[in-house]
Amino acid sequence: MVYFLIGAPHKSNEQSAWLDMEKHVLTSGISRQAKGRLLQTDIAKFKLGNLDHLMFINDSLLKQESVVESLLKKIERQYLDVTEKVSYDFTIELKDGPQSIENFLFQFKWNDQTFPRASALTELVKAISSRATHVETDLRQKSTSYQELKNQSQQVAKKEGNLLVRDLVDVLKEPIVKPRDFIYSDYLTTLVAIVPKTQIQEWLACYEFLCENVVPQSARQFQIEDKDNLTIWRVVIVKQSFDKDQDLEVADKGDEEKGKNKKPTPVEEFIQKARDKLRITVKEFEYKSQESKEREKLRLDLKSKSDHMNTTLKQACEKAFSDLYITYMHLKVLRLVVDIAMRFGAAEPNIQCIIKPDQGKEKKVQQSLLKLYADPSQVGLYGTKEELEDTEDFFPFVYVPINIP
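You'll find the protein entered in an unreviewed UniProt entry as V-type proton ATPase subunit C, with Paramecium sonneborni given as the organism. The annotation that UniProt attaches to the protein under Sequence similarities (unreviewed entry) is "Belongs to the V-ATPase C subunit family." On record in UniProt, under Subunit (unreviewed entry), the comment for the protein is "V-ATPase is a heteromultimeric enzyme composed of a peripheral catalytic V1 complex (components A to H) attached to an integral membrane V0 proton pore complex."

Okay, structure coming up:
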């Protein structure tokens, strides 16, 4: 969807110029190719200044336009991300209620309270810049808060998958396990093994012999269903090594030799041998009876906060887009006024209007405008910056496109 703001001099009166526009631009033969409406900008109310000043203001407006368009697109992306929608038609909030973007554009009236035309052009540019900055800052703060909550939620979210990837805190909880199933002391600790069903017999036959620190008959299976036919077991290990002579021998050596000859702890040895010999994953795990409940409570709390922040950010995006789009239209109209003053002079009678080409008729409308306003011998000199491979559009009339949305 695209709209054209058009400004062009006329030699009769505005009404006659508009009738020509309707006849030669809005229609092609007997079919319509665009809709349009006159803009009432009242150029005489602007403090325009001399040509050098107008050129400076025009450059400033072009830079600011790029900033505002980029921010509008950013707001739209943020909104679609928050709402998980593919597209959305924003509305413009006005005193008399919400309006579609098209209605807002076709019924546009300059707001002298927000952007007083009696102010210097530099002040109008500053006002536009200030409003854009305010919108961006406010939205960035809300977006950052929302993202922080999302990150926190993701950190404590339940991991989907089989027993190898799920967080054991979410797996080993009451009533599936009891506190007495886990033994932790100065001398003993409990490890958790993930054993495929097809290896249960091998596991029971071998686990006691993986290292000498295994407490005999300490393996116990927990009754947990797993989609990949995995089972989960606990096994108790004596934490301290029984080989005191070797421990003393290592202790007598220097730091460098200690590093080279450091013997793995019984826990490390059992985990490594279970992996290497049986291809079974064993994990260290400290059971805390309240941890699962506390984590679930934290998840619910973060979800509640995240849902509230989601709604807040959604509403902030809607308001930010509306406020900024109003500013954006004032910027575009100001560009139109400044360009008319530079090209034709503010005192020269001119027509200002907004045109919405029908879908796919944008090029035909441009060609119709050229036929109406260009010297037939010079039509080839004009076109968009893409067509001319230049940095600016060039037409015999003032052309300010609105590409958002």
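Visitor: So what exactly am I meant to see when it comes to unusual backbone geometry here?
Guide: If a residue is not glycine, its phi is most likely negative; likewise, a peptide bond is most likely trans. In this structure, the amide linkage connecting Glu 174 to the following residue, Pro 175, adopts the cis form with an omega of 5°. Mapped onto the fold, Pro 175 is located in the loop between helix H5 (168-171) and strand E7 (188-196). Phi angles above zero are rare outside glycine, and Asn 229 is one such case at about 55°. Relative to the helices and strands, Asn 229 resides in the loop between strand E8 (220-222) and strand E9 (230-238).

Visitor: What am I meant to see in the sheet that holds strand E4 (residues 34-38) here?
Guide: Sheet strands pair by backbone hydrogen bonding; their relative direction is either parallel or antiparallel. On the basis of which strands lie adjacent, the open sheet formed by four strands has the order E4-E11-E1-E12 and antiparallel pairing. The sheet terminates laterally at E4 and strand E12 (398-402), the two strands that pair on one side only. Each neighbouring strand pair of the sheet contributes to a mean axis angle of 20°, computed without reference to strand direction. Pairing analysis gives six bridges linking strand E1 (residues 3-9) to strand E11 (residues 350-357), with the strands arranged antiparallel. Opposite Pro 9, over in E11, you have Asn 350 as the bridge partner. Sitting on the sheet, helix H1 (residues 14-26) touches E1, E4 and E11, and the angle it makes with E11 is about 25°. Sitting on the sheet, helix H10 (residues 291-343) touches E1, E11 and E12, and the angle it makes with E12 is about 165°.

Visitor: Before we go on, may I ask you to explain the pattern of salt bridges in this structure?
Guide: Close approach of charged atoms allows side chains with opposite charge to pair. Considering all chains together, one arrives at 21 salt bridges under this definition. Between Lys 45 and Asp 42 there is a salt bridge, and its shortest N-O distance comes to 3.9 Å. Three or more residues are tied together by salt bridges with common partners; here these are Glu 65, Glu 69, Lys 332 and Arg 335.

Visitor: Any chance you could explain H1 here in plain terms?
Guide: Since the α-helix packs 3.6 residues into each turn, any two residues three or four apart lie on the same face. Those residues of H1 that fall on the buried side of the exposure criterion are Ala 17, Trp 18, Met 21, Val 25 and Leu 26. An end-on view of H1 places all buried positions within 105° of arc, on one side of the element. Of the surrounding elements, those touching the buried residues of H1 are E1, strand E2 (27-28), strand E3 (31-32), E4, E11 and helix H11 (362-373). In this structure Asn 13 caps H1, since a side-chain oxygen of it lies 3.1 Å from the backbone nitrogen of Gln 15.

Visitor: Explain the sheet that holds strand E10 (residues 281-284) here, please?
Guide: Here four strands make up an open sheet; going across it, the order is E8-E9-E7-E10 and the pairing antiparallel. The strands lining the two open edges of the sheet, one partner per strand, are E8 and E10. Taken pair by pair, the neighbouring strands of this sheet meet at an average axis angle of 30°, ignoring direction. For E7 and E10, the ladder comprises four bridges, and the chain directions are antiparallel. For Ala 193, the partnering residue across the bridge sits in E10 and is Val 282.

Visitor: I would appreciate a short explanation of the packing of helix H2 (residues 51-83) against helix H4 (residues 121-156) in the present structure.
Guide: When two helices pack together, their arrangement is given by the angle between the helix axes and by the axis-to-axis distance. It is the contact of H2 with H4, at a shortest axis distance of 10 Å, that shows an interaxial angle of 20°. Looking at the two axes, H2 sits roughly parallel to H4. Crossing of H2 against H4: the hand is left-handed. Looking at the contact of H2 with H4, its residues break down into 15 nonpolar, seven polar and four charged.

Visitor: Looking at this structure, I do not really get the packing of H2 against H10. What am I missing?
Guide: Between H2 and H10, whose axes approach to 9 Å, the crossing angle comes to 160°. Classified by the angle their axes make, H2 and H10 are roughly antiparallel. Helix-helix and strand crossings are classified by hand; for H2 and H10 the assignment is left-handed.

Visitor: Explain the layout of surface pockets here, please?
Guide: To find leftover empty space, a probe the size of one water molecule is rolled over the atoms. Here the largest pocket defines a volume of roughly 660 Å³. Lining the largest pocket are 26 residues, with Leu 62, Arg 335, Glu 392, Asp 393 and Tyr 399 positioned closest to its centre. Those elements that provide at least two residues to the lining of the largest pocket are H2, H10, helix H12 (385-388) and E12. In terms of residue count, H2 provides more of the lining of the largest pocket than any other element does, six residues in total. Among the residues making up the lining of the largest pocket, the classes are represented as eleven nonpolar, four polar and eleven charged. Within this model, the second largest pocket holds a volume of roughly 470 Å³. If you go around the second largest pocket, you meet 17 residues; those closest to its centre are Leu 94, Lys 95, Phe 104, Lys 109 and Asn 111.

The rules we used
Residues numbered from 1 in each chain as written. Predicted model: local features only at pLDDT ≥ 70, side-chain atom pairs only at ≥ 80, totals over all residues. Heavy atoms only, no water. UniProt positions renumbered as here; feature names shortened; annotations may be inferred. Helix = DSSP H or I, 4+ residues; strand = E, 2+ residues; numbered from the N terminus. Pairing = 2+ DSSP bridges. Axes fitted to C-alpha atoms, helices over the stretch in contact; angles between N-to-C directions. Contact = heavy atoms within 4.5 Å. Salt bridge = Lys/Arg side-chain N within 4 Å of Asp/Glu carboxyl O. Buried < 20%, exposed > 50% of the residue type's maximum accessible area, 1.4 Å probe, protein only. Arc of directions from axis to C-beta. Polar contact = N/O pair within 3.5 Å; in protein donor to acceptor, adjacent residues only side chain to side chain. Parallel < 35°, antiparallel > 145°, perpendicular 65-115°, else oblique. Left-handed = near helix turned anticlockwise from the far one by under 90°. Nonpolar A, V, L, I, M, F, W, Y, C, P; charged D, E, K, R; others polar. 1 Å grid on protein atoms, 1.4 Å probe; cavity = no way out; pocket = protein on both sides within 12 Å on 5 of 7 lines; lining within 4 Å. Points joined across faces, edges and corners; volume = space filled by probe spheres on them.

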